[in-house]
Amino acid sequence: MIQFSLPFPSKQLAHQELTYDPCYSKIPIKDRQPIVESAWEKGEQAALMTYEKYGGSYGFNEIAVKSGLTVKMKNADYIVGNQRYFSDYISGRNLLILYLGSIQKWAESNSLDLPTAVNMIISHEYFHFLEWTSLGLTSREYTVPMLTIGKLKLGKTGIRALSEIGAHAFAHTYFHLAGCGDKEVME
């Protein structure tokens with residue numbers, strides 16, 4: 001076990017995560033807290049389901065493989081524009097690509113060793129895998145108009161940040177259930 005503070009946003013920071021979504025300004029103020037709560041709850045429930053199925057004795061690479069998700073590791077620090085990417089989940093192929101160079105930098109900045117950081121990144125992405133394979137996309141549970149012209153509203157789009165909030169909740173809840181909480185994580 002390694003002592004640390006889980007480096008994913010907590011429930012207290014979930015509303016801030018919502019503000020990063022490009023469609024945030026289209027969400028009525030009265031709906032913001034309820035949709036954050038709903039996304040967080042979905043992540044918690046998915047973590048409970050996963051924990052009941054696998055317990056806390058498996059690392060997420062093993063859980064992913066047992067679930068039919070292929071995990072491929074690339075030795076790269078993947079940066080596009082000003083954004084560093086740690087992984088890509090390709091839904092149609094049930095493929096998760098991990099960028100070990102990026103994860104190593106994230107691990108160092110959070111005082112984690114690489115195996116622990118990889119386990120945590122896979123846990124986050126595992127929630128997205130569950131969204132595509134069994135849960136339904138959290139981002140589509142609340143939609144806003146794509147375009148508004150006066151009273152005319154055209155198209156609908158989901159809120160991507162809700163999927164991220166669910167994934168953060170999943171990781172927090174699973175590691176807490178596994179006895180790690182915000183103090184330690186399995187290697």
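**Remarks on the overall build of the protein**
At step 1: Assigned secondary structure in the protein consists of six helices and nine strands.
At step 2: For the protein, whose C-alpha radius of gyration is 17 Å, the value lies close to the compact-globule estimate of 16 Å for 187 residues.
At step 3: A principal-axis box enclosing the C-alpha atoms of the protein has dimensions of 55 × 35 × 30 Å.
At step 4: Expressed as a percentage of its 187 residues, the buried residues of the protein come to 48%.
At step 5: Long-range contacts, defined here as pairs at least 24 residues apart, represent 66% of the contacts in the protein between residues at least 6 apart.
At step 6: With an accessible surface of roughly 9700 Å², the protein has 53% of that area assigned to carbon and sulfur atoms.
At step 7: Both charge centroids of the protein, one from 18 positive and one from 19 negative side chains, sit 10 Å from each other.

**What to know about the packing of aromatic side chains**
At step 1: Scanning all chains against the criterion turns up 14 aromatic pairs.
At step 2: When the ring of phenylalanine 86 is compared with that of tryptophan 106, the centres are 5.8 Å apart and the planes differ by 50°; the resulting orientation is tilted. One end of the pair, phenylalanine 86, is in the loop between strand E4 (83-85) and strand E5 (87-90); the other, tryptophan 106, is in helix H4 (residues 100-109), with 20 residues separating them in the sequence.
At step 3: When its relative accessible area of 24% is taken as the criterion, phenylalanine 86 is described as partly exposed.
At step 4: On the basis of relative accessible area, tryptophan 106 is assigned to the buried category, the value being 12%.
At step 5: Measuring from ring centre to ring centre gives 6.1 Å for tyrosine 174 and phenylalanine 175, while their planes differ by 90°; the resulting arrangement is edge-to-face. Side by side, tyrosine 174 and phenylalanine 175 carry an identical accessibility label, which is buried.
At step 6: Three or more aromatic residues joined by ring pairs form one cluster here, namely Tyr51, Phe60, Tyr89, Tyr126, Phe127, Phe129, Phe170, Tyr174 and Phe175.

**Describing the pattern of salt bridges**
Two side chains carrying opposite charge are able to pair once their charged atoms lie near each other.
At step 1: Tallying each qualifying case throughout the model produces five salt bridges.
At step 2: Of the charged contacts, one joins lysine 42 and glutamate 141 as a salt bridge, the two residues approaching to 2.5 Å between their closest N and O atoms. Taken together, the residues lysine 42 in helix H2 (residues 29-54) and glutamate 141 in the loop between helix H5 (114-135) and strand E7 (143-149) connect sequence positions 99 residues apart.
At step 3: A relative accessible area of 12% means that lysine 42 is categorised as buried.
At step 4: Using a relative accessible area of 47% as the deciding quantity, one classes glutamate 141 as partly exposed.
At step 5: Measuring nitrogen to oxygen at the nearest pair gives 2.7 Å for the salt bridge that ties arginine 84 to aspartate 77.
At step 6: Residue arginine 84 is classed as partly exposed on the basis of its relative accessible area, which comes to 30%.

**Some details on the pairing of strand E6 (residues 95-99)**
Across a regular strand the side chains alternate sides, sitting on one face of the sheet and then on the other.
At step 1: Counting buried residues in E6 gives five out of five residues, a clear majority hidden from the surface.
At step 2: Of the two faces of E6, both are covered, the one formed by Leu95, Ile97 and Tyr99 as well as the one formed by Leu96 and Leu98.
At step 3: Bridge analysis of strand E2 (residues 70-74) against E6 gives five bridges, and the strand direction is parallel. Across the sheet, residue methionine 73 finds its bridge partner in E6, namely leucine 98.

**As for the confidence of the model for the protein**
At step 1: Across the protein, the average pLDDT comes to 89, with 93% of residues at 70 or higher.
At step 2: Here residues 182-187 is a poorly scored stretch, pLDDT under 50, and it has 32 contacts once near neighbours within four places are set aside; other chains count.

**Let's talk about the environment of cysteine 23**
At step 1: Of note, cysteine 23 is situated in the loop between helix H1 (14-19) and H2.
At step 2: For the pair cysteine 23 and serine 163, spaced 140 residues apart in the sequence, the C-alpha separation amounts to 14 Å.
At step 3: Excluding its chain neighbours within four sequence positions, the residues that come into contact with cysteine 23 are Val144, Thr157 and Ile159.

The rules behind each value
- Residues numbered from 1 in each chain as written.
- Predicted model: local features only at pLDDT ≥ 70, side-chain atom pairs only at ≥ 80, totals over all residues.
- Heavy atoms only, no water.
- Helix = DSSP H or I, 4+ residues; strand = E, 2+ residues; numbered from the N terminus.
- Rg over C-alpha atoms; globule rule 2.2 N^0.38 Å.
- Buried < 20%, exposed > 50% of the residue type's maximum accessible area, 1.4 Å probe, protein only.
- Contact = heavy atoms within 4.5 Å.
- Areas by Shrake-Rupley, 256 points an atom, 1.4 Å probe, with all protein chains shown as cover.
- Lys, Arg positive; Asp, Glu negative; His and termini not counted.
- Charge placed at Lys NZ, Arg CZ, Asp CG, Glu CD.
- Phe/Tyr/Trp six-rings, centres within 6.5 Å; stacked < 30°, edge-to-face > 60°.
- Salt bridge = Lys/Arg side-chain N within 4 Å of Asp/Glu carboxyl O.
- Pairing = 2+ DSSP bridges.
- pLDDT = per-residue confidence, 0-100.

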